[in-house]
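# Secondary and tertiary structure notes
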Amino acid sequence: MTGVDTVTDAAATPDLAQPYAELGLADDEYAAIREVLGRRPTRSELAMYSIMWSEHCSYKSSKVHLRQFGDLPRGERVLVGMGENAGVVDVGEGLAVTFKVESHNHPSYVEPYQGAATGVGGIVRDILTMGARPVLVMDSLRFGDADHPDTARVLPGVVAGVGGYGNCLGLPNTGGEVVFDPTYQGNPLVNALCLGVLPRDRIQLSAARGVGNVVVLLGAKTGRDGIGGVSVLASATFDEDGPARRPSVQVGDPFTEKLLIEACLEMYDARLVEGIQDLGGAGLTCALTETAAAGRSGMRAHLDRVPLREASMEPHEVLASESQERMLAIVTPSNLPAVLAIARKWGVLATAIGEVVEGDRLQVLWHGEPVVDVPPGSLADDGPVYERPLARPADLDALRAAPAPAHPSTGELSDLLLRMVASPNLCSRRWVVEQYDRIVLGDTVLAWPEDAGVVRLSESTGLGVALATDGNGRYARLDPYAGAQLALAEAHRNVAATGAVPVAVTNCLNFGSPQDPEVMWQFAEATRGLADGCRALATPVTGGNVSFYNSTADVAINPTPVVGVLGLFDDVARRTPIGFQAPGESVLLLGETREELGGSEWAWAEHRHLGGVPPVVDLDRERVLAQVLVAGSRDGMLSSAHDLSDGGLAQALVESALGGRGSRGIGARIVLPAGLSPFVQLFSESAGRAVVTVPRSEELRFTEMCDARGLPCTRIGVTDGVSLDVQDVLLLELEDLRDAFEATLPALFGPLAGDTAPANPLATAPATGGLHHG
Amino acid sequence: MAARIGVVTFPGSLDDRDAARAVRLAGGEAVALWHADAELHGVDAVVLPGGFSYGDYLRAGAIARFAPAMTSVLEQAGRGLPVLGICNGFQVLCEAGLLPGALTRNASLHFVNRDQRLRIDSTDSVWTSGFAPGQELVVPVKNGEGNYVASAEVLDELEAQDRVVARYLGANPNGSARDIAGIRNAAGNVVGIMPHPEHAVEHLTGPGTDGLGFFTSVLSRLVAA
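Keep in mind the model is a prediction, meaning the values are calculated, not measured.

### Concerning the overall build of chain B
- Each helix and strand in chain B was counted, giving five helices and eleven strands.
- Over its C-alpha trace chain B gives a radius of gyration of 15 Å, about what one expects of a compact globule, namely 17 Å for 225 residues.
- On the principal axes, the C-alpha backbone points of chain B span a range of 40 × 35 × 35 Å.
- Relative to all contacts within chain B whose residues are 6 or more apart in sequence, the contacts with residues 24 or more apart total 75%.

The structure is reproduced here in structure tokens:
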């Protein structure tokens, strides 16, 4: 073949200048490759090293910090921990679940619909790779200011992409997060989570073993889309020409993925697969090297057998393509006909492209001529590892010492509450979640606006799981160690509020450039905080993802560790909803309220103020609170439970009232205890709290349980009527609160289906400035 | 013996297992049917489930109608076999010509999933005979192409012949003509409905159990026959 750079050519022309820097490799990294190979790499090899040694694939800057998660006690439920595509947790009854969250930030800025869609597709394949049927997706989304013109481009596209892909796969999306903050203006965060279920004994691993076994490529044809996705898009900072990178974004085809899922599951059930790996970022390069490296096997792949969309593709392009909806399976020769038959049944392309061979080399041939001949471990495991320098941000002391804005008077709280529930970060997410199929598969027990998504795994016993994701970039900016723990604590609390027992953690760590020592310090602090938090709560980390280079023009985003917590239900029938269930029930506040407004939603929404210190973390308290919430559910004492977080007690009361049974909701009469000012009691964001309702008949039993466990429990009122009446402080009709709560996103992004356009509440706000009241 | 209701799985069907569950909860036996198999295995009725058959890439339901299983469904529906098309199944029935009109992109241009109030307008079909005329239900709707359109003559005829089986109450989620949520053929054995009754069969997972009536209606008819 003319023009193709073969291994023979590489040996013959050792001094050929190679464009390694353009591919994102440093001088010393290129030198290391030459040393591993004993010659210059071929063009294909260079492409493979640039991909596998990229930040995205090699975790070269984060590895030394992530080891802390691997050092945590695994607990007896974890069947597969860190290192595989996703962790696997034993849930009993012979079943296991696997779950993981992953970022697709940069592609979603460049091309919102496809970036978000393929983010869902990618995480779903990770779950499928473990042998599981995907049964739930969630997404954690962060955008610039709600009223910024570019948010009007990015948000609708991302939401439609998440929905378009997940809906077409038939996976319920139980919600997630939507956060607005100018820190994400040029760098939105799209973190997608998927959970799958599998019989305990059907776990699939990636290792390619067994000389003579066949390497089968399943799924879509390979095209030029997505080349450079991980090494260019995900491993470098955006400059001003962000959207010019559009050709690096992959294009998704959920229908093909749906067929791929069904075909793979049928193969797993028939025990036809020895090893399997999805093709995601880094495509065939990653799948070939990781399966070979994990099996400590040799492998030979015939690249010219890969079905192509464009016949003119060169070998290095075939290796680097990030075309979606592909899997690589290792099967025995005797099982090959059955594998091909199942693929044919589902209309999935399946092609034998190689075989497991003796030795420890990965050899890739192009029309019989070797274009790659490398030790696979050198790509997959022996990439560079950096101990990046750390520096505490120079502005941090000033930020933490910044004086808080003046508190409003009690007389101002009624108007304040109406503004707060309408503010972009606290208002209804209906506009977003109505675009997601939340009920397909028929096992969704709780979805937005509940605290966590809950799905049933067994119709006969009610076995099920709960899942919540949380993160707060403002808290983490003020204190990354505490910020990561607060994200963990909130997700833990959300899961427990539904009645589920928290058991395991996944995370998506979104940060700026690792080459910035101040960012690296934030990262080191956040991982240390999360590891310490997981140890304290006995919830092991089973997997996760790091996303660096979330910066625009050298300004890093607020550090944003997003934490997902998995909880277990013996029977989902006992789930606790957030909404008030009946009038005349006691409203109890669990936990302690302190004056903690640093990094709060109030300071931000009213004053655009970010300063002070975030709320104190007390993980022992979180643990006790969770135990009480679970015990209350198990013993049938709780009618409703809602965690307190952004917006404090006021926001939680509004959401529980509006979400109350019946079309109008159920109100409450609240009497705030003496002590802190009404403003602080209503808007402080102290952690370790929840608001619950209990029938009068259960109140004594419940409060005695709290006393016995040392959990502060304060009776603050009673459910009643259709208004929120905080005695001597404010009195608001639920109808008015609902109007304020629901209007904001439709006003910004278009009316809900079937509605006429509502007035824009932001446009009609006082001239003193939209969101910036005060 | 319980009546046997087939649920056809096309490539891209999504709510097939859910429809089978609804059949079981209503007291029937669910039989899985495969799109490429012309054999309907002697089922007493057929459900065409929701989803995105063939990715909806041409037009929703446009390719599914050519599946071998659909050839058999068409033929037997002409002889009175009860057929219920839900969401994508409704689209398939329109593409196949068993029902008039078409389902187009939602007026909002967004996919919409919400619990929807409906009113049963015609109980003169095998799938709605168990409801009271005018009965109000809450059943989830979830679709991107649920906007029912037909010529004014067809709409007038549907109404004149009492063939609108259900209408949306409150906000119309997809812009459907005359708030139509579902229609039937003249004989009353074929019904297409955009909302998902199979997702309103358990208090635990749905807004209630209002959807069960579609399945119990046909089952009581089959037992009586």
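After presenting the structure, the write-up continues.
### Regarding the overall build of chain A
- Scanning chain A for helices and strands turns up 26 helices and 28 strands.
- Against the globule reference of 28 Å for 774 residues, chain A gives a C-alpha radius of gyration of 26 Å, in line with a compact fold.
- Principal-axis analysis of the C-alpha atoms places the extent of chain A at approximately 85 × 55 × 50 Å.
- Residues counted as buried form 62% of the 774 residues belonging to chain A.
- When contacts within chain A are restricted to residue pairs at least 6 apart in sequence, those whose partners lie at least 24 apart make up 85%.

### Description of the sheet that holds strand E28 (residues 730-733) of chain A
Residue and element names in this part refer to chain A.
- One open sheet holds the seven strands; their spatial order is E23-E25-E22-E26-E24-E27-E28, and the pairing between them is mixed. Two strands bound the open sheet, and with one partner strand each, they are strand E23 (640-643) and E28. Averaged over all pairs of adjacent strands, the angle between strand axes in this sheet comes to 20°, irrespective of strand direction.
- Pairing of strand E22 (residues 586-590) with strand E25 (residues 690-694), which is carried by five bridges, proceeds in the antiparallel orientation. Paired with Leu589 across the bridge in E25 is Val691.
- In the packing of helix H26 (residues 734-749) onto the sheet, contacts are made with strand E27 (723-726) and E28, and the angle to E28 comes to roughly 75°.

### Examining the confidence of the model for chain B
- The share of residues in chain B with pLDDT of 70 or more is 99%, and the mean pLDDT across the chain is 95.
- In the model output, the complex is listed with pTM 0.94 alongside ipTM 0.96.

### Description of the packing of helix H16 (residues 413-422) of chain A against helix H23 (residues 648-658) of chain A
All names here are of chain A.
- The geometry of H16 relative to H23 is characterised by a closest axis approach of 11 Å and an angle of 70° between their N-to-C directions. Judged by the angle between their axes, H16 and H23 are roughly perpendicular. Residues Leu417, Met420 and Val421 of H16 lie in contact with H23, whose contacting residues are Ala650, Gln651 and Val654.
- By residue class, the composition of the contact of H16 with H23 is five nonpolar, one polar and no charged.

### Re the interface of chain B and chain A
- In this assembly, 28 residues from chain B lie in contact with 26 residues from chain A.
- Those elements that provide at least two residues to the side of chain B that touches chain A are helix H1 (16-25), strand E6 (112-120) and strand E7 (136-143) of chain B.
- For the side of chain B that touches chain A, the residue count by class is eleven nonpolar, eleven polar and six charged.

### Describing the environment of Asn174(B)
- Relative to the elements of secondary structure, Asn174(B) occurs in the loop between strand E9 (164-169) and strand E10 (180-184).
- Overall, the presence of 26 C-beta atoms within 10 Å leaves Asn174(B) in the buried class.
- Spatially, the C-alpha atom of Asn174(B) lies 20 Å from that of Gly211(B), the residues being 37 residues apart in sequence.
- For Asn174(B), the residues in contact, after removing those within four places along its chain, are Ala753(A), Asn106(B), Ala107(B), Val112(B), Asn143(B), Gly146(B) and Asn147(B).

### Examining the sheet that holds strand E16 (residues 464-470) of chain A
Residue and element names in this part refer to chain A.
- Here we have six strands laid out as an open sheet, ordered E14-E15-E16-E21-E17-E18, and mixed in their pairing. With partners counted over all chains shown, the strands left at the sheet margins are strand E14 (444-446) and strand E18 (541-547), one partner each. Within this sheet the neighbouring strands show an average axis-to-axis angle of 20°, counted without direction.

### Quick look at the pairing of E6(B)
Residues and elements named next belong to chain B.
- Summarising the sheet, E6 and E7 pair through eight bridges and their orientation is antiparallel. By the bridge assignment, Arg119 is partnered in E7 with Glu136.
- Pairing between E6 and E9: four bridges, direction antiparallel. The residue bridging Arg119 from the neighbouring strand is Arg167, located in E9.

### Focus: the environment of Leu212(B)
Residues and elements named next belong to chain B.
- Relative to the elements of secondary structure, Leu212 occurs in helix H5 (residues 212-224).
- With 21 C-beta atoms counted inside 10 Å, the residue Leu212 sits in the buried group.
- In sequence terms Leu212 and Val201 are eleven residues apart; their C-alpha atoms lie 5.3 Å from each other.
- Apart from the residues within four sequence positions on either side, Leu212 is in contact with Leu25, Ala26 and Val201.

### What about the pairing of strand E10 (residues 326-331) of chain A?
All names here are of chain A.
- With respect to burial, E10 is a largely interior element, six of its six residues being buried.
- Neither face of E10 is left uncovered, since the one carrying Arg326, Leu328 and Ile330 and the one carrying Met327, Ala329 and Val331 both have all their residues buried.
- Two strands pair when backbone bridges link them, and strand E8 (residues 275-278) and E10 are joined in this way by four bridges, in the antiparallel orientation. When the sheet's bridge partners are listed, Asp278 is paired in E10 with Met327.

### Quick notes on the confidence of the model for chain A
Residue and element names in this part refer to chain A.
- Residues with a pLDDT of 70 or more make up 95% of chain A, whose mean pLDDT is 93.
- Residue range residues 240-246 is modelled with pLDDT below 50. Its contacts to residues more than four positions away, or to other chains, number ten contacts.
- Below a pLDDT of 50 lies the segment residues 758-774, which in the model reaches 26 contacts outside its immediate sequence neighbourhood of four places, other chains included.

### Observations concerning H1(B)
- In terms of residue burial, H1(B) counts as a mostly covered element, since eight of its ten residues are buried.
- Of the residues flanking the end of H1(B), it is Gly27(B), one or two places downstream, whose phi is positive at about 105°.

### Structural notes on unusual backbone geometry
Residue and element names in this part refer to chain A.
- Cis rather than trans, the peptide bond between Trp448 and Pro449 has omega equal to 10°.
- Inspection of the secondary structure assignment puts Pro449 in the loop between E14 and strand E15 (453-456).
- The phi dihedral of His367 is positive, around 50°, even though this residue is not glycine.
- Within the secondary structure, His367 is located in the loop between strand E12 (362-366) and strand E13 (369-374).
- Owing to 13 C-beta atoms within 10 Å, His367 belongs among the partly exposed residues under this scheme.

### Some details on the packing of helix H19 (residues 480-497) of chain A against helix H20 (residues 517-537) of chain A
Residues and elements named next belong to chain A.
- Where H19 meets H20, the closest approach of the two axes is 7 Å, and the angle between their N-to-C directions is 40°. The orientation of H19 with respect to H20, classified from their angle, is oblique. Where H19 crosses over H20, the handedness of that crossing is right-handed. In this structure, H19 uses Pro480, Tyr481, Ala482, Gly483, Ala484, Gln485, Leu488 and His492 to contact H20, whose residues at the interface are Gln522, Glu525, Ala526, Arg528, Gly529, Leu530, Gly533, Cys534 and Leu537.
- A per-class count over the contact of H19 with H20 returns nine nonpolar, six polar and two charged.

### Topic: the environment of Val215(A)
- The residue Val215(A) is located in strand E7 (residues 214-219) in this model.
- When sequence neighbours within four positions are dropped, the list of residues in contact with Val215(A) reads Met299(A), Ala301(A), Leu328(A), Ile330(A), Ala352(A), Ile353(A), Gly354(A) and Glu355(A).

Reading guide: rules and limits
Residues numbered from 1 in each chain as written. Chains lettered and ligands numbered in written order. Predicted model: local features only at pLDDT ≥ 70, side-chain atom pairs only at ≥ 80, totals over all residues. Helix = DSSP H or I, 4+ residues; strand = E, 2+ residues; numbered from the N terminus. Rg over C-alpha atoms; globule rule 2.2 N^0.38 Å. Contact = placed C-beta atoms within 7 Å. Buried ≥ 20, exposed ≤ 12 C-beta atoms within 10 Å, placed from the backbone. Pairing = 2+ DSSP bridges. Axes fitted to C-alpha atoms, helices over the stretch in contact; angles between N-to-C directions. pLDDT = per-residue confidence, 0-100. Parallel < 35°, antiparallel > 145°, perpendicular 65-115°, else oblique. Nonpolar A, V, L, I, M, F, W, Y, C, P; charged D, E, K, R; others polar. Left-handed = near helix turned anticlockwise from the far one by under 90°.

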